[in-house]
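Results of the structural survey
One letter stands for each residue in the lines below.
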Amino acid sequence: MEAPLIAAIETGGTKINVALARAPEEILFQERISTTMPEETLKQIRIALEKAQKIHGKAQALAIGTFGPVDLSPQSLTYGMITETPKPGWSQTDILSPLRDFFQIPSIIDTDVNAALLGEAQWGEASQLKNAAYLTVGTGIGGGLLMNGKLIHGIGHPELGHMLVTPHPEDSFAGCCPFHGNCLEGMASGLALKKRWGRNADELEIDHPAWELEAEYLAQACYNLMMIVPPTKIIIGGGVMKQQQLYPLIRERFSGLLKGYLSYPEITDHLDSFIVPPHLGEKAALMGCVVMGQRILKRF
Ligand code: ZN
């Protein structure tokens, strides 16, 4: 039987990806929209999906993977609402109900990083695993955790991007998180790279000192995850991670930070497959939305 067709929406800080899909190899439609002000952006999403459905048929469910923080408690009056975000105009924006009410199909929302992790758990690096962590390093930094096969939701969703890191002694940058200054996002996001070095991540040379420092902070994040969760694999994606030279640097520094403390073979012998890029690449979050949509249909 054919898998259900899902309207998948990945809302990022600068762009929105909209798709109609059943699986990674069955993406019938995909369009990229700029993230502007909420009302206009939601209208553009609606128009794109209407257009796609006229050609490819009606989606059976709708799933959103969004930047946060977002209220994910289905019992809450503000379920599906972006809460306090530094993104201008988006705080207290309900992004779920306008689309759910318009399309009148079962709908669900989670963070973009939880969605990406779910995509990897279904079709990617975490497909055989019950426990994994996902970090995305883009304009900001986000993260999701899979434990015993389920995404972690506590009082809210994980905020791995705002974990505290120890500033490198030679790093004089104060950090750029509007809330915490030198949290992980404040020190290692794409925005932090730009503010520290005066250039975008993709404009910095492969041997620029930026990358050693970037690896230091991301390795600290992996170390912290290791001590708390601990995941069976750490997947790191996002625009900044297109700099492939970061992976070996992070692994090396992560190993250095552990100082021989943990001796799991996954770390001591197979570190190359412990800290990895997402198998689905930039499609991870959209595919996770497809999984979310297909899962809620099973409840109806
Ligand atoms: Zn922060």
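Residues numbered from 1 in each chain as written. Predicted model: local features only at pLDDT ≥ 70, side-chain atom pairs only at ≥ 80, totals over all residues. Heavy atoms only, no water.

**So, the sheet that holds strand E4 (residues 61-66)**
Within a sheet, neighbouring strands are paired by backbone hydrogen bonds and run either parallel or antiparallel to one another. Strand order in this open sheet of 5 strands is E3-E2-E1-E4-E7, and the pairing throughout is mixed. At either end of the open sheet lies a strand with only one pairing partner, and these are strand E3 (26-34) and strand E7 (107-111). Across the sheet, the axes of successive neighbouring strands diverge by a mean angle of 15 degrees, strand direction being ignored. Judged from the 8 bridges that link them, strand E2 (residues 15-23) and E3 form a sheet pairing that is antiparallel. Residue Asn17 lies in a different strand from E3, and its bridge partner there is Arg32. Seen against the sheet, helix H1 (residues 38-56) touches strand E1 (6-11), E2, E3 and E4 and runs at an angle of roughly 155 degrees to E3. Its contacts with the sheet place helix H9 (residues 284-297) against E1, E2, E3, E4 and E7, and it is angled at close to 135 degrees to E1. (Pairing = 2+ DSSP bridges. Helix = DSSP H or I, 4+ residues; strand = E, 2+ residues; numbered from the N terminus. Axes fitted to C-alpha atoms, helices over the stretch in contact; angles between N-to-C directions. Contact = heavy atoms within 4.5 Å.)

**Details of the coordination of the zinc ion**
Every protein donor of the zinc ion is accounted for by His162 (ND1), Cys177 (SG), His180 (ND1) and Cys183 (SG), and the metal-donor separations fall at 2.1 to 2.4 Å. Coordination at the zinc ion is tetrahedral: its 4 donor atoms span angles of 102 to 124 degrees at the metal. Motif for the zinc ion, donor spacing along one chain: H-x14-C-x2-H-x2-C. (Donors = N, O, S within 2.8 Å, 3.2 Å for Na, K, Ca; no water. Tetrahedral: all angles 85-135°; square planar, octahedral: opposite > 155°, others 65-115°.)

**Points about the nonpolar core**
Judged by nonpolar contacts, the single largest core of 59 residues is most densely connected at Ile45, Leu49 and Leu62. Considering every element that reaches this core, the biggest residue donor is H9, with 10 residues. Counting contributing residues per domain, this core is built from domain 1 (6-115 + 282-297) and domain 2 (125-277), each supplying no fewer than three. Those residues in contact with Leu49 that lie beyond four places of it in its chain are Ala7, Ile9, Val18, Ala19, Leu20, Leu62 and Phe103. Judged by nonpolar contacts, the second largest core, of 44 residues, contains Leu145, Val165, Phe173 and Leu184. (Core = buried A, V, L, I, M, F, W, Y, C linked by side-chain atoms within 4.5 Å. Buried < 20%, exposed > 50% of the residue type's maximum accessible area, 1.4 Å probe, protein only. Domains from an automatic or database assignment.)

**Remarks on the pattern of salt bridges**
Overall, the coordinates contain 10 salt bridges when judged by the stated rule. In this structure, Glu282 engages Lys242 in a salt bridge whose closest nitrogen and oxygen atoms are separated by 2.9 Å. Here Glu282, found in the loop between strand E12 (275-276) and H9, pairs with Lys242, found in the loop between strand E11 (234-237) and helix H7 (246-258); they are 40 residues apart in sequence, far enough to count as distant. Lys242 carries the same exposure label as Glu282, and that label is exposed. One salt-bridge network, held together by shared partners, links Glu2, Arg22 and Glu26. (Salt bridge = Lys/Arg side-chain N within 4 Å of Asp/Glu carboxyl O.)

**Observations concerning the sheet that holds strand E8 (residues 132-137)**
Across the sheet, which stays open at both edges, the 5 strands sit in the order E10-E9-E8-E11-E12 with mixed pairing between neighbours. A strand with exactly one partner marks an edge of an open sheet, and here the two such strands are strand E10 (150-151) and E12. Where E11 and E12 come together, 2 bridges link them in parallel fashion. Residue pairing across strands places Ile235 opposite Val276, the latter belonging to E12.

**So, the packing of helix H6 (residues 209-228) against H7**
Direction vectors running N to C along H6 and H7 enclose 55 degrees, while the axes themselves pass 8 Å from each other. Looking at the two axes, H6 sits oblique to H7. For H6 against H7, the interelement crossing comes out right-handed. From H6, Trp211, Glu212, Glu214, Ala215, Glu216, Leu218, Ala219, Gln220, Cys222, Tyr223, Met226 and Met227 reach across to H7, where they touch Leu246, Leu249, Ile250, Arg253, Phe254, Leu257 and Leu258. Taken together, the residues that form the contact of H6 with H7 break down as 14 nonpolar, 1 polar and 4 charged. (Parallel < 35°, antiparallel > 145°, perpendicular 65-115°, else oblique. Left-handed = near helix turned anticlockwise from the far one by under 90°. Nonpolar A, V, L, I, M, F, W, Y, C, P; charged D, E, K, R; others polar.)

**Describing the packing of aromatic side chains**
Evaluation of the coordinates by the stated rule reveals 3 aromatic pairs. A centroid spacing of 4.9 Å and a plane angle of 80 degrees characterise the contact between Phe102 and Phe103, whose relative ring orientation is edge-to-face. Consider the rings of Phe254 and Phe274, whose centres lie 6.1 Å apart with planes at 20 degrees: the pair is stacked. Of this pair, Phe254 sits in helix H7 while Phe274 sits in the loop between helix H8 (265-268) and E12; the two residues are 20 residues apart in sequence, bridging distant segments of the chain. Summarising the burial analysis for this pair, Phe254 and Phe274 share the class buried. We note Arg46 situated over the ring of Phe102; from NZ or CZ to the ring centre the distance is 4.9 Å. (Phe/Tyr/Trp six-rings, centres within 6.5 Å; stacked < 30°, edge-to-face > 60°. Lys NZ or Arg CZ within 6 Å of the ring centre and 35° of its normal.)

**Describing the environment of Gly12**
For Gly12, the position within the fold is in the loop between E1 and E2. In this structure, the C-alpha to C-alpha distance between Gly12 and Asp171, residues 159 residues apart in sequence, is 29 Å. Discounting chain neighbours no more than four positions away, the residues touching Gly12 are Thr35 and Phe67.

**Considerations on the domain arrangement of the protein chain**
Examined at the domain level, the protein chain breaks down into domain 1 (6-115 + 282-297) and domain 2 (125-277). Centre-to-centre separation of domain 1 and domain 2, based on C-alpha positions: 26 Å. Together, Pro86, Val113 and Asn114 form the three largest contributors to the area buried by domain 1 at its contact with domain 2, with a combined 50%. For the pair domain 1 and domain 2, the number of links is 1 salt bridge. (Buried area = accessible area lost by both parts, 1.4 Å probe.)

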